[in-house]
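Structural characterization, general
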Amino acid sequence: MSGIGKKRVKSEPFIRIIKREGLKKQYAALFYVAAVLAALCIGALLLVSLDVDPINYYKKVLTIGMIGHAFPYKLISNFIMNLVPLLITSLALSLAFKMRFWNIGGEGQFILGALAGAAVAFSLPSGVNPYMSVILMALAGGAAGGLAGLLTAFLKVRFNTNETLFTLMLNYIALYMITYFGETKREWNFFLRADSQRPKFSTIPGNTVMPCIRIGDLSLNISFIFSVALVFLMYVYLKNTKQGYEISVVGDSMNTARYAGINVKRVICRTVFISAFLIGTAGAMHVSTSQSLSTSITNDVGWTGIIVAWLAELNSFAILLVSFLITVLRFGSMTAASEFKNIDSHFADLIQGIILFIVLAADFFIRFKIVINTGRRKSDEEAYVK
Amino acid sequence: MNAAGVITAFLFAVIQYNMGLLYGTVGEILTERSGSLNLGVEGTMAVGAMGGYLLGCSFDSIYAGILFAFIFAAVCGLIFAFLTVTMQANQNVTGLTITTFGLGLYFFIGNAVKASGKWPEMSPDMGFWKGASPKRIPLLSRIPVIGEALFSHNILVYMAIITAVLVWWYLKYTKPGLRLRAIGENPASADAVGVNITFYKYVHIMIGSGIMGIGGLLMCVSLSGSFEGSNTWTNGFGWIAIALVIFANWNTLYAILGTIVFGLFYALKANSGALADTFPGVLGWLKSVPPQFLSALPFIITAIVLVISSITNKKTNQPAAMGLNYYREDR
């Protein structure tokens, strides 16, 4: 054994990797911009290989098809309809991720919220005013999503059930649940239209449709205002409240949290409940906005939200920016798909994936530092001092 | 169709249409045994399937297809390994990105080829088709009822079983296999005895992903390689594979059983009408089971398995270091 030991010492690695204490914010931001540009360049190469003019295509995507459109109001409100669920879901997920609780159940919680919201919408009397009914729907949706989250959190803290895998399973259980309601024509199934022979989700009653504030021709949806307000609320909650502080301590080190007298189990249950509650709310509000259920109602927000939260480094304002940009990409490629027949909207997934690959790789240089062993001890020491 | 015919068709469907799941599961078990939770199975399978099918058709050989499916998927594995092992990126996020990216690439290539009018359609005069057609195992395939159902499949189905058995043997009885399991349980100890962790992780993540890719190719062949802009060939099986890993308790032999059990639900979905009509007395109730419930059943069962195994605190084979990156200087 001693022989091996000696050999080890002799051949100290030439390149060593050590952790570093954060990089300047500007550099980090530069990394991200470079990552996006690099991804767009790779995308452009792919487009050229299909004989598509990348500049033309990107122009179409980035302007979400508004150019040459006389009345883009409809487009803008459609865009907002796509943005709001993603924004709320990403914010909610960042809450759980901050605690290193891997809630990947956004899809399922969103669907449960949507189902509960729709159930409320169909059972409310027609006299209830829109604001009241949207609030009731959101609360019901939040409760449904929140309970699913709470169950996961409870199992985690009580029995140490793996939350990543459990929420993954719940996603699909919820998905097949909504598919069941969408495909089963029965007397009791009030989600479906009574007048249609084939199973078809019915439209929600008029008094439960998301109210809008009209500014000229543009109608601003209440849920949009809510989601932007949530950005600020979330920021304050995480930065300036005791509960937010507890979350970051639990996320950093559970042992420290316990030592500091924080009731870790309660913090986890509470935070995951809030996270899932918000996602459920987003689901219910999306039903109210889009006025109908659909088996693809999530539009992948549960998955995309994870990517957004991660790209934004769990910062609320960055989430607002990133979810806006990702929605431009996704919504834009959807509108562009109508013009470019050989590129469908999944091109956005491809670009999104490449961006994240580069960012994940770039993260390494933000978190770690490469030290080249020049043989002199000094350089290592310097690195440690830094 | 007579009763025996219905049963044969049912059993055939259980095996033929679900063995893609076994590949995904075996690949994921190999990956997770190295301590990495790769949530990119769905994307990896899709990329492997697309690469394998297109290149397999252009070389007009199923073997070329298998090779390229393996290589394409292994490249996805390489990306995952590079990001999580070398770049220390979060495994959950990286895995999900592999899925997003993989599905994006699948649709991108598929749509591009389809729009250019060069999509290879499977036809009986192709070598690829001949290679992918069912091969009867002599004697065994002549057993009444089950012979036709179990021993008359294409080469990819047989390979799935062989791969599962080989991986089981590898993990249980070979030195590298034991070392790999040690890495999954306690990388620091494995490192201390001189195992090259980085090398082992890279190799096994890549081989695991490659195996998933062959599964994707099998699913593509089962659907005669017809590409639609809206659906993937893998159709969510990558996610079920992740579930099946838990159900099979990280053991590839159990994974064969698990594939058949999960496959039963899927085959029931397609065949419940025929079964209920043929055996109204015994299986008549099948008609009242919603097909969506059968689709959800693998996930429901896995969720229950997850909860029960954690409540009873029974020792599962889940690698202790699964999902955690190994950073040497944290020792």
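Here goes a summary of the coordinates provided. Treat the numbers as computed from the prediction; the structure is a model and nothing was measured.

**Examining the pattern of salt bridges**
Residue and element names in this part refer to chain A. Taken as a whole, this structure holds six salt bridges over all chains when the rule is applied. The partner of Glu163 in a salt bridge is Lys156, and the shortest N-O contact between them spans 3.0 Å. On the basis of relative accessible area, Glu163 is assigned to the buried category, the value being 4%. For Lys156, a relative accessible area of 22% puts it in the partly exposed group. Here Arg330 ties to Asp349 by a salt bridge, and the two come within 3.1 Å at their closest N and O atoms. Of this pair, Arg330 sits in helix α13 (residues 316-337) while Asp349 sits in helix α14 (residues 347-367), and the two are 19 residues apart along the sequence. Across this residue pair, the class does not change: Arg330 and Asp349 are buried. Where salt bridges share partners, they join Lys242, Glu246 and Arg270 into one cluster.

**Brief notes about the interface of chain A and chain B**
Opposite the 48 residues of chain A that make contact, chain B presents 48 residues. With both chains or domains summed, chain A and chain B bury close to 4300 Å², and 76% of this area falls on carbon and sulfur atoms. Among the residues chain A hides against chain B, the three largest losses belong to Met169(A), Tyr176(A) and Phe357(A). Together they make up 15% of the total. Between chain A and chain B we count four residue pairs in polar contact (both at pLDDT 80 or more) in total. Within the residue set of the side of chain A that touches chain B, elements represented by two or more residues are β1 (15-19), α6 (130-159), α7 (163-183), α12 (301-311) and α14 of chain A. Among the elements that line the side of chain A that touches chain B, the one with the most residues is α14(A), at 13 residues. Across the side of chain A that touches chain B, the residue classes break down as 31 nonpolar, ten polar and seven charged.

**Quick notes on helix α2 (residues 19-33) of chain B**
For α2(B), which comprises 15 residues, the first-to-last C-alpha distance of 21 Å matches the rise-based estimate of 21 Å (1.5 Å per residue) to within 8%. Count one or two residues on from α2(B) and you reach Gly35(B), which has phi positive near 90°.

**Notes on the packing of helix α4 (residues 62-86) of chain B against helix α5 (residues 91-115) of chain B**
Residue and element names in this part refer to chain B. Remark: α4 packs on α5, axes separated minimally by 10 Å, with the N-to-C direction vectors making an angle of 155°. In this view, α4 runs roughly antiparallel relative to α5, as classed from their interaxial angle. With respect to the hand of their crossing, α4 and α5 are arranged in right-handed fashion. Between α4 and α5, the contacting residues are Cys76, Ile79, Phe80, Leu83 and Thr84 on the first element and Gln91, Thr94, Gly95, Ile98 and Phe101 on the second. A breakdown of the residues in the contact of α4 with α5 according to their chemical character gives six nonpolar, four polar and no charged.

Here is what the cut-offs are and how they apply
- Residues numbered from 1 in each chain as written.
- Chains lettered and ligands numbered in written order.
- Predicted model: local features only at pLDDT ≥ 70, side-chain atom pairs only at ≥ 80, totals over all residues.
- Heavy atoms only, no water.
- Salt bridge = Lys/Arg side-chain N within 4 Å of Asp/Glu carboxyl O.
- Buried < 20%, exposed > 50% of the residue type's maximum accessible area, 1.4 Å probe, protein only.
- Helix = DSSP H or I, 4+ residues; strand = E, 2+ residues; numbered from the N terminus.
- Contact = heavy atoms within 4.5 Å.
- Buried area = accessible area lost by both parts, 1.4 Å probe.
- Polar contact = N/O pair within 3.5 Å; in protein donor to acceptor, adjacent residues only side chain to side chain.
- Nonpolar A, V, L, I, M, F, W, Y, C, P; charged D, E, K, R; others polar.
- Expected span 1.5 Å × (residues − 1).
- Axes fitted to C-alpha atoms, helices over the stretch in contact; angles between N-to-C directions.
- Parallel < 35°, antiparallel > 145°, perpendicular 65-115°, else oblique.
- Left-handed = near helix turned anticlockwise from the far one by under 90°.

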